[in-house]
Amino acid sequence: NNSVVFRLDFGSRPFMLKCYTRHKRPSPALYDYVARSRSPLLTAARILPQEIWVFDYNGGGSWHDVVFAPWVEGRHLSTHLHEALRRNDREALARLARSFDRMARHLLGEEFAHGDLKPDNLIVTPSGEMKPVDYDALFIPSLAGTHAAETGTPGYNHPARDARFFDKHIDDYAVALLSVTLHALSLDPGMYDRYSTGGTLFSPPQIVAGDSPALEHARSLFAGRGMHAQLRLCRLLESQSPTLPGLGAVLEQLVPER
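Note that the structure is a prediction, hence the values are computed from the model and not measured.

About the criteria used
- Residues numbered from 1 in each chain as written.
- Predicted model: local features only at pLDDT ≥ 70, side-chain atom pairs only at ≥ 80, totals over all residues.
- Heavy atoms only, no water.
- Helix = DSSP H or I, 4+ residues; strand = E, 2+ residues; numbered from the N terminus.
- Expected span 1.5 Å × (residues − 1).
- Buried < 20%, exposed > 50% of the residue type's maximum accessible area, 1.4 Å probe, protein only.
- Arc of directions from axis to C-beta.
- Salt bridge = Lys/Arg side-chain N within 4 Å of Asp/Glu carboxyl O.
- Core = buried A, V, L, I, M, F, W, Y, C linked by side-chain atoms within 4.5 Å.
- Contact = heavy atoms within 4.5 Å.

Trainee: Looking at this structure, how should I read helix α7 (residues 213–224)?
Mentor: What sets the pattern is the α-helix's 3.6 residues per turn: residues three or four places apart point alike. The end-to-end C-alpha separation of α7 is 17 Å, in line with the 16 Å expected for 12 residues at 1.5 Å each. Of all the residues in α7, the buried ones are Ala214, Leu215, Ala218, Arg219, Leu221 and Phe222. Summarising the axial view, the buried residues of α7 lie within an arc of 160 degrees, below the 170-degree limit, and thus occupy one face. The first or second residue beyond α7 is Gly226, which carries a positive phi of 65 degrees.

Trainee: It is not clear to me how the pattern of salt bridges should be interpreted in this structure. Could you clarify?
Mentor: When the charged atoms of two side chains with opposite charge come close together, those side chains can pair. Counted under the stated rule, the structure contains 14 salt bridges. Between Arg164 and Asp162 there is a salt bridge whose closest N-O contact spans 2.6 Å. Residue class for Asp162 comes out partly exposed when judged on its relative accessible area of 24%. Put simply, Asp188 and Arg194 hold a salt bridge, and the shortest N to O gap is 2.5 Å. A relative accessible area of 48% means that Arg194 is categorised as partly exposed. Among the charged side chains, a salt-bridge network with shared partners connects Arg7, Asp9 and Glu73.

Trainee: What exactly am I supposed to notice about the nonpolar core here?
Mentor: The tendency in soluble globular proteins is for nonpolar side chains to be buried side by side. One finds Phe100, Val180, Phe202 and Phe222 to be the most contacted residues of the largest nonpolar core, which totals 73 residues. Here this core gets 11 residues from one element, more than from any other, and that element is helix α4 (residues 172–187). Not counting residues up to four positions away in its chain, the partners in contact with Phe100 are Leu122, Met130, Ala174, Val175, Leu178, Ser179 and Leu182. Grouped together as the second largest cluster of nonpolar side chains are 6 residues, Cys19, Leu48, Val66 and Phe68 included.

Below you can see the structure in the form of structure tokens.
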């Protein structure tokens, strides 16, 4: 929505170059943290200050920062999701659900939070694992007590989330929503055509208001198969708060450590 990403190949090594299309500067503190992090969920992105000159319509222009990082091989979750739905491939959807749950459990155990989890910001690697990309909305410990510069994508967020809600729990609602989405679609891919609006299966405001036919359908699917962890996620989604206590325990039930 506010940037364009290029793939650059240097010899045999691919890199990502992110250029902002609006008047915005990436946060140096945030990208310093990303560059130093050893988390396998983060790619060592860094800012190249005043790297690109952008011309304006009057013949002038200005220098702008860019973000530079190794390229994450794979395809977006949104691409995999729509391909599996088109093929009515329940097993592929189930694999995506398991992969997402593994990534989400790991993410909830980190000291940072992504801030804008959605299918377009998740890469499915060739090994089938999932990795988040686009770190502009990241929460990191040094930003505690501040307001969020971005509040994520409404279709995946609790309706009460605003810039003041900015802590380790900003991913809670999106994690629960995406997990329920993938598990429900793996049982009934036709749900997407029946209930989706604006590209998302569920409407968070409807869920929180207790008026979501899609969630009721998902709940009946899970109940009929004794999927108790997924039923707990459905209950968590109806919370009046963006923070979902007990979410980590549900993910541990879905993805037990080996």
